[in-house]
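Close look at the chain arrangement
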Amino acid sequence: MKPLKIFALVSALSVTSITIAQTVDDREQLRGGIKAGINIANVYDEQGDEFEADPKVGFAGGGVLSIPIGRYIGIQPEVLYSQKGLTFNGNFLGADYTVQRTLGYLDIPIYLQFKPIPAITLLFGPQYCFLLHRRDKFSTGSYTTEQQEEFENDNIRKNVFGLAGGFDLNINRFVIGARGAWDLQNNNGDGTSSDPRYKNVWFQLTGGIKF
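Residues numbered from 1 in each chain as written. Predicted model: local features only at pLDDT ≥ 70, side-chain atom pairs only at ≥ 80, totals over all residues. Heavy atoms only, no water.

1. Some points on the environment of valine 43
With respect to the secondary-structure elements, valine 43 resides in strand S1 (residues 31-47). You can call valine 43 buried: its relative accessible area is 7%. As a C-alpha pair, valine 43 and alanine 53 span 10 residues in sequence and 7.1 Å in three-dimensional space. (Helix = DSSP H or I, 4+ residues; strand = E, 2+ residues; numbered from the N terminus. Buried < 20%, exposed > 50% of the residue type's maximum accessible area, 1.4 Å probe, protein only.)

And the structure:
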């Protein structure tokens, strides 16, 4: 999967360069912060008629709180606006079509921190995602249309739980973050939606500052 290779390459280069840099040891201090960056999103466990998914790049950003439990362990909740989605192709009654889907989520991960050295924070934990809106761009032949929906039905799952993990590279008050996350529940809430069924997976790269 190409996004996975990009994520691994950027992470490896970042770790190599940052581990030699000096940073302030604030592992036992309560810190807040903000961050922004990109998601590289796709889906897995998909089920649909001739359903082929391609990755989508979107915005990610929000607030972070670092709560120490000691020098080496802590809790890090985050509240983020997170764009996910995909592009998928299919065939209906002999006609090829393409749908570009953009999903806007409120993501709330709660990470367990492991802080072996001041420059690196390792993170893993559960994540709650609430679907705010979806925009679909449908194309077939020369015809294109867009539709945006606010969800008020039970056919699309709005509340999704998943897992997330990654690391932060700390350079004094600046933070470079890398994450990987995936849903544990599919998008098709009660099983009656006509949408293809799938689960979201995404890789996230951000830059931020802590206070």
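So that's the structure; there's more coming.
2. What to know about the packing of aromatic side chains
If you walk through the whole model with that rule in mind, you get 1 aromatic pair. Relative to phenylalanine 161, the ring of tyrosine 128 lies with its centre 5.4 Å away and its plane at 50°, an arrangement referred to as tilted. Of this pair, tyrosine 128 sits in strand S6 (residues 120-140) while phenylalanine 161 is found in strand S8 (residues 159-171), placing the two residues 33 residues apart along the sequence. Overall, the relative accessible area of 48% leaves phenylalanine 161 in the partly exposed class. The ring of tyrosine 105 carries lysine 84 above its face, with NZ or CZ at 4.1 Å from the centroid. Just above the ring of tryptophan 202 sits the side chain of lysine 84; from NZ or CZ to the centre is 3.6 Å. (Phe/Tyr/Trp six-rings, centres within 6.5 Å; stacked < 30°, edge-to-face > 60°. Lys NZ or Arg CZ within 6 Å of the ring centre and 35° of its normal.)

3. Comments concerning unusual backbone geometry
Backbone geometry places asparagine 172, a non-glycine residue, at a positive phi of 55°. Locating asparagine 172 in the fold gives a position in the loop between S8 and strand S9 (174-183).

4. A closer look at the pairing of S8
Sheet analysis places S6 next to S8, joined by 11 bridges and oriented antiparallel. The partner of phenylalanine 130 across the bridge, within S8, is asparagine 159. Note that S8 and S9 share 10 bridges and pair antiparallel. Bridge pairing in S9 places leucine 163 opposite tryptophan 182. The antiparallel hairpin formed by S8 and S9 contains 2 residues in its connecting segment, where asparagine 172 sits at a positive phi of about 55°. (Pairing = 2+ DSSP bridges.)

5. Points about the side chain of glutamine 113
Positionally, glutamine 113 belongs in strand S5 (residues 95-117). Of the residues examined, glutamine 113 reaches a relative accessible area of 1% and is grouped as buried. Among the polar contacts made by the side chain of glutamine 113, one reaches the side chain of glutamine 76 at a distance of 2.7 Å. Discounting chain neighbours no more than four positions away, the residues touching glutamine 113 are Ser66, Ile67, Tyr72, Ile73, Gly74, Ile75, Gln76, Thr121, Leu122 and Leu123. (Polar contact = N/O pair within 3.5 Å; in protein donor to acceptor, adjacent residues only side chain to side chain. Contact = heavy atoms within 4.5 Å.)

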